[in-house]
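# Architecture and fold: a report
Each chain, written out:
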Amino acid sequence: MGVRLVVQGLFKNIIKTRKMGLKFKAGATIFFVIMIFGLLSFLTPHYHSYWYHFPQAHPPSLQSVDFIFGTTSNGRSVFWSLTNAIVNSLIIAVVTSMLACHIGLIIGILSGIKGGVIDKIMMFLTDSFIAIPGLPLTIMLAMILKPIINLFLLGVIISIISWPWSARMIRAITLSLREKDFVIFAKFSGMSTWKIIFSEIFPHILGFHATNIINTMLGAIGAEVGLAFLGLSIIEMDTLGTMIYWIQRYGAILQNMWWWVVPPIATLILLFLSLYLVSTGIQEFLNPRLRRVK
Amino acid sequence: MLPKHLIKYFLFRILILLATIFTAFTITFVILKIMPIDIVNNIIARSMAVTGAALGDPEAVRRMYEIYYEIFGLKGTFIEQYVSFLNRFLTMDFGISILARPATVQEVISYRLPWTVALLVFSTILSWVIGNIIGAVVSLFEGSKLSNILQSLAIILYPIPYYVFALVLIYIFGYIIPLFSLTPIRLPSNIFSLEFIITVFRAMTLPALSIIVIGALGWWFLSSRAMALNIISEDFYLYGEIRGLPKLHLLKKYLLKNILLPQITALSINLGTIFGGALLTEILFNYPGLGTLLYQAVNAGDYPLVLGIVSMSIIGVAVATCIMDLLYPLIDPRIRYR
Amino acid sequence: MNDEVLRIKNLSGGYLVKRDNTLDYIDAVNDVNIIIKRDEVFGIAGESGCGKSTLLKLLYGYVKSPLIIKKGEVLLSESTNYYLNILSLKNEEVKKKIWWKYISWIPQNSMNVLNPTIRIKDHFLEILRMHMKIERDEAHKLIVEYLGLLGLSKDIVNAFPHQLSGGMRQRIIIALALITRPKIVLADEPTTALDVVVQRGILQWLGYKQRELKNTMIIVSHDLSIHAMLSKRIGIMYAGKIVEISRSENIFEKPLHPYTQLLLSSLPRLGDKSLRIGITGSPPDLIRPPLGCRFHPRCPYCIERCIIEEPDLTEAEKDHFIACSRIEKR
């Protein structure tokens, strides 16, 4: 019940954007525009999946929606590719953040609350995962799983390297909360550990958790692009990463096919910027002391 | 002579290093074990496609299967599998590379490693130094136009990975201002010639630039500035001002000294991320380092080489982090003289 | 013989603070006149927020946004009949010519006024090199000698601040302020963060050093017991104005201003078991200070004149100045 109240409170606060800073507003606006763009993908015509349906490397023209951003070297519409790419990249990001952040949340809270041997083992495991350079490991996994790769699986692969950071941070917050008066008071008044976690600790972690989800999404989008550079993303689907992969493959930059190069890169940079702004916006809202430092 | 507590700390830190490498390898082993895909079948098929080996010789195929079963720790009892896997990872003995046969994985990697290390050391140190100094200096002019511009720029650059920014650089320098060639470089054989140095320099400039711009103006600038603003409002800084110390002295001994120490820790924590980003950046610029090698290995289905690079990165990053942690107490006087 | 060291003339200053798009002026120091003499300890007392620390900053010429000077002069007597107005100098000039040559500063001890990453000796070196132009090797010898004279162990020159106790750090800070033998030492709540026993030791040491060096010391503190121990003369400040100045026996034995009387009656005294009375109300908002006498809203003896007229500081008895309309009338 306490949880529901806090969730409601948080949403109420987030909805009250008047109270949020400029950063949050700017970030949310950019993200909203990109989302609208992505939602247009539901109107994708069936012929979009065929190669060479359109003339190759056609510069943008206003003759129809398909040509608004021109076409690629393999005769596909950049516009429809981009709209689909946004949605697919976001799906990967959401899968990753939901998995990684919640695994991190559970492990972080448990090891923070339980302490002792459980804490030591869990943190050793977490630290070892942090010590493994994430990218080579992901590349190895993606390479092995290439025959059966899909959006969900890609999310799982990326979350393997993302969860330890969340776990570490959540544990640190839990440890500091554990020493706070209200938690000690709850313990002395005979509350069970689970009840303390849910009604006393969880609500205070929620703010961090929200920003963490957004940051993990940001990281996941970047990781997907990185995998795609190596041809390890889902090549047959449109994602922001695979769009860049084909750009590289066809040397579009050196042929100055700007209409093909600019949209995915610009979208990526704007997406990174918007998510980052939203997350720092929430952080500053939750912790007003940060505002001074900007 | 080192104080006793330091020796204790060093030994403990090295123990941690061994434990992390060991656990990391174990994790890799477990992950490979639970893969739902028959890796060895995959490799043999790919390998045959690449080398064009005839399927006719069943003896050769059987031997290949055996070798790969051993490399991936699939031979013998569970314990045997584990031990042989660990052994191969630690010694990086992954046999012959499919891509560069008859060279072994070790040979291929040791040829490319200096390039990656050079790029990483050069660009990481430079971006760390530049970013921290700019951050501290700009904090002294808080509220000025320059400070606001740099701050907005940093917010835009901060979340962009190196390799995405590298694309922007390629577009600018490859097409609009064609200063640098993006074709694979060919090294002159004489290492001491001027030509060699120029080639290395040209190969390194753009990848280093993308790492330095993002690292310096994004990451390190933001954190250094935030820290500097905190220090400026601290009592010891104000007291330094009250004593009338020269501005440059305050900047060096009061701001930078107190910023750089925690930033060393931040650097050691982020080494893994920096390393991964740099690998991908290499690919975009055809830089002849481990990253480009990894790209070639992935495309050729050269699993032994990929495993070799993974194990190399695990050991490399863990050792680098450990070295930084070991150096830290020698740099921070507060720990040295506890 | 001229025994003045510092003359504060019609000094007014305060803070410009931006709040909700309006620029507010906090009237922290208003029309202060004090003459400070050679070889004396002058105390400035008052509640927190009465402007005493701001006054000290102005005396030191440490004027940094948002602090501004409205009017007035701080005249430093360099030699007989020659005065130098500190506030007329540029920032860099004050730094080079005045600080630590004529005036030094003992900051409020909040445990971290020393730079945590440099050694104790470096703190001394900085001052000797900046203000005395003494080179490194010679300065190093001087520092060891100097600390020995102060009765501080020589080992601490190589220590880092966190290795020393709070009391030791405060001694170091005082030693820093005295090393160049300045004419005037300003001390801003010098012992607040220390526990009472350590505080007493430090204050006795400070008093002993002052008697030995015969310099002038200006101590700002809300704590009247510190003034009772050290100060020869005391100025009582209320809401940015000096309301009473006199020798400390006068202030403690027969205070004239109602505010001083109330301040003293709220102090516990040995053997007195009567209930202590505090001062009702709270200090006024310095953005909009009350008209007339600034103390009138809280004053138990307030008359009509107090509300209309701002009292001047006048000599009610010999060497006893007070700003109160009721006394003036007497």
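Above this note sits the structure.
How each quantity is defined
Along each chain, numbering runs from 1 in the same order as the chain's sequence is written. Just so you know, chain letters begin at A and ligand numbers begin at 1, following the order they were written in. In view of the model being predicted, local features appear only for residues whose pLDDT reaches at least 70, and side-chain atom pairs are presented and counted only at 80 or more, with totals across whole chains, interfaces and linings using the full set of residues. Computation of side-chain values: all heavy atoms of the structure, hydrogens and water removed. The contact criterion used throughout is that any non-hydrogen atoms of two residues lie within 4.5 Å. Here the quantity called buried area is the total loss of accessible area, with a 1.4 Å probe, experienced by two parts when brought into contact, counted for both. Think of a salt bridge as a Lys or Arg side-chain nitrogen and an Asp or Glu carboxyl oxygen that are within 4 Å of each other. Counting of polar contacts relies on pairs of N or O atoms within 3.5 Å, with two restrictions inside protein: one atom must be capable of donating a hydrogen and the other of accepting it, and residues adjacent in sequence are counted only when both atoms are side-chain atoms. Each helix is a run of H or I in the DSSP string that is no shorter than four residues. Each strand is a run of E no shorter than two, and both are numbered from the N terminus. Residues are grouped as follows: Ala, Val, Leu, Ile, Met, Phe, Trp, Tyr, Cys and Pro are nonpolar; Asp, Glu, Lys and Arg are charged; all remaining types, including Gly, are polar. In this scheme, a residue with accessible area under 20% of its type's maximum is buried, one over 50% is exposed, and one in between is partly exposed, where area comes from a 1.4 Å probe on protein chains only. For two strands to be treated as a pair, DSSP must find at least two bridges joining them. To define axes, lines are fitted to C-alpha atoms, for helices over the stretch in contact only, and angles between the resulting N-to-C directions are given on a 0 to 180 degree scale. Each angle gets one of four labels, with under 35 degrees taken as roughly parallel, over 145 as roughly antiparallel, 65 to 115 as roughly perpendicular, and the rest as oblique. With the far helix as reference, a near helix turned anticlockwise by less than a right angle produces a left-handed crossing, and one turned clockwise produces a right-handed crossing. The span expected for a helix works out to 1.5 Å for each residue beyond the first. The arc in question is the one traced by the directions running from the helix axis out to the C-beta atoms.

## Focus: the interface of chain A and chain B
- Contact residues are listed per partner, giving 46 residues for chain A and 59 residues for chain B.
- When chain A packs against chain B, the two sides together hide about 4,700 Å² of surface, and 80% of this comes from carbon and sulfur.
- In this structure, the connection of chain A to chain B is made through 0 salt bridges.
- Our count for the chain A to chain B interface comes out at 2 residue pairs in polar contact (both at pLDDT 80 or more).
- Listing elements by their share of the side of chain A that touches chain B, those giving two or more residues are helix H4 (116-131), helix H5 (134-144), helix H8 (193-229), helix H9 (240-249), helix H10 (258-286) and helix H11 (289-293) of chain A.
- When residues in the side of chain A that touches chain B are grouped by element, the largest group, 9 residues, is from H10 of chain A.
- Of the residues assigned to the side of chain A that touches chain B, the class counts are 36 nonpolar, 5 polar and 5 charged.

## Section: the pairing of strand E3 (residues 41-45) of chain C
Residue and element names in this part refer to chain C.
- Of all 5 residues that make up E3, 5 are buried, and the element is covered over most of its length.
- Bridge count between E3 and strand E8 (residues 216-220): 4 bridges; the pairing is parallel. Counterpart to Gly43 in the pairing with E8 is Ile219.
- Here E3 pairs with strand E9 (residues 233-238) via 4 bridges, running parallel. Within E9, the position partnered with Ala45 by the bridge is Ile236.

## Comments concerning the packing of helix H3 (residues 120-132) of chain C against helix H4 (residues 136-149) of chain C
All names here are of chain C.
- For the pair H3 and H4, interaxial distance at closest approach is 10 Å and the crossing angle is 120°. As judged from the angle between their axes, H3 and H4 are oblique. Judged by the sense of rotation from one axis to the other, the crossing of H3 with H4 is right-handed. Of the residues in H4, those in contact with Lys121, Asp122, Phe124, Leu125, Leu128 and Arg129 of H3 are Arg136, Ala139, His140, Ile143, Tyr146 and Leu147.
- Considering only residue class, the contact of H3 with H4 consists of 7 nonpolar, 1 polar and 4 charged.

## Brief notes about the interface of chain C and chain B
- Across the boundary between the two partners, chain C contributes 27 residues, which contact 21 residues of chain B.
- Contact between chain C and chain B buries roughly 2,200 Å² in total, counting both sides, with carbon and sulfur atoms accounting for 56%.
- At the boundary of chain C and chain B, one finds 2 salt bridges.
- In this structure, Lys64 of chain C engages Glu241 of chain B in a salt bridge whose closest nitrogen and oxygen atoms are separated by 2.8 Å.
- Inspection of the chain C/chain B interface yields 13 residue pairs in polar contact (both at pLDDT 80 or more).
- Looking at the side of chain C that touches chain B, the elements with two or more residues in it are H3 and helix H5 (166-178) of chain C.

## Quick word on helix H6 (residues 145-157) of chain B
Residues and elements named next belong to chain B.
- Over its 13 residues, H6 extends 18 Å from the first C-alpha to the last, a length consistent with the 18 Å expected when each residue adds 1.5 Å.
- Residues Ser147, Leu150, Gln151, Ala154, Ile155 and Leu157 constitute the buried set of H6. Taken end-on, H6 shows its buried residues confined to a sector of 165°, consistent with a single buried face. Exposed residues on H6 whose side chains face more than 90 degrees from its buried face are Lys145 and Ile149.

## Section: the environment of Ala223 of chain A
- On the secondary structure map, Ala223 of chain A appears in helix H8.
- Taking the relative accessible area as the measure of exposure, Ala223 of chain A reaches 13% and is therefore buried.
- Residues Ala223 of chain A and Ile282 of chain A lie 59 residues apart in sequence; the distance between their C-alpha atoms is 23 Å.
- If near-sequence neighbours (up to four positions away) are discounted, Ala223 of chain A is found in contact with Ile158 of chain A together with Tyr163 of chain B.

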